[in-house]
Amino acid sequence: RLLILEAIQAEKRLWVVDDPTSSTPWMSYNAASRKVLIDLTKSIAKLNSVANCRRKGRDDLDYDILEGAYSVLRASSQSQDMGGIRVLAVDILGCFDSIRQYLRR
């Protein structure tokens, strides 16, 4: 239960530093929100590692993967020829947004 509460608190902190008017929040994260994003991704990874009773949960999926997805989308906004990697980046960010929405409930 403590892990869930930590993730919820990290989401609340990110909600405060997020720009709610941005239609592309992944392109507007600044230094303040980066620290909170790192905390939130660590919390989510920890939850993932303990939630799977068959020991298939992973805790090595960290902020770097999220940042990589942001980078792909920034690059692909200038060039539409990114194909499958852009699709993967959109999926990663979509999953992250879904988790954030779940934590806000």
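Above this note sits the structure.
Owing to the predicted nature of the structure, the values given are computational and were not obtained by experimental measurement.

Engineer: Even after reading the chapter, I still don't get the overall build of the protein chain, so can you show me in this structure?
Structural biologist: Helix and strand content of the protein chain: 4 helices and 0 strands. The order of α-helices and β-strands along the protein chain, N terminus first, is α-α-α-α. A total of 105 residues make up the protein chain; the buried ones form 24% of that total. In the protein chain, of all internal contacts separated by at least 6 residues, the share reaching a separation of at least 24 is 58%. Counting every atom, the protein chain has about 7,200 Å² of accessible surface; 55% of that belongs to carbon and sulfur.

Engineer: Hey, could you run me through the packing of helix α1 (residues 2-17) against helix α2 (residues 31-51) in this one?
Structural biologist: Helix-helix packing: each pair is described by the crossing angle between the helix axes and the interaxial distance. Contact pair α1 / α2: the axes reach a minimum separation of 9 Å and the direction vectors enclose 155 degrees. Taken together, the axis directions place α1 and α2 in an arrangement best described as roughly antiparallel. Here α1 runs over α2; the crossing is left-handed. In contact with Leu3, Ile4, Glu6, Ala7, Ala10, Glu11, Arg13, Leu14 and Val17 of α1, α2 contributes Ser33, Val36, Leu37, Asp39, Leu40, Ser43, Lys46, Leu47 and Val50. In terms of residue class, the contact of α1 with α2 is made up of 11 nonpolar, 2 polar and 5 charged.

Engineer: For this particular structure, what's the right way to read the layout of surface pockets?
Structural biologist: To find leftover empty space, a probe the size of one water molecule is rolled over the atoms. In this structure, the largest pocket spans a volume of roughly 360 Å³. Lining the largest pocket are 13 residues; nearest its centre among them are Ile44, Leu61, Ile65, Phe96 and Ile99. Going through the elements one at a time, α2, α3 (63-76) and α4 (83-104) are the ones with two or more residues in the lining of the largest pocket. Class assignment of the residues belonging to the lining of the largest pocket gives a composition of 9 nonpolar, 2 polar and 2 charged.

So, how was this worked out
- Residues numbered from 1 in each chain as written.
- Predicted model: local features only at pLDDT ≥ 70, side-chain atom pairs only at ≥ 80, totals over all residues.
- Heavy atoms only, no water.
- Helix = DSSP H or I, 4+ residues; strand = E, 2+ residues; numbered from the N terminus.
- Buried < 20%, exposed > 50% of the residue type's maximum accessible area, 1.4 Å probe, protein only.
- Contact = heavy atoms within 4.5 Å.
- Areas by Shrake-Rupley, 256 points an atom, 1.4 Å probe, with all protein chains shown as cover.
- Axes fitted to C-alpha atoms, helices over the stretch in contact; angles between N-to-C directions.
- Parallel < 35°, antiparallel > 145°, perpendicular 65-115°, else oblique.
- Left-handed = near helix turned anticlockwise from the far one by under 90°.
- Nonpolar A, V, L, I, M, F, W, Y, C, P; charged D, E, K, R; others polar.
- 1 Å grid on protein atoms, 1.4 Å probe; cavity = no way out; pocket = protein on both sides within 12 Å on 5 of 7 lines; lining within 4 Å.
- Points joined across faces, edges and corners; volume = space filled by probe spheres on them.

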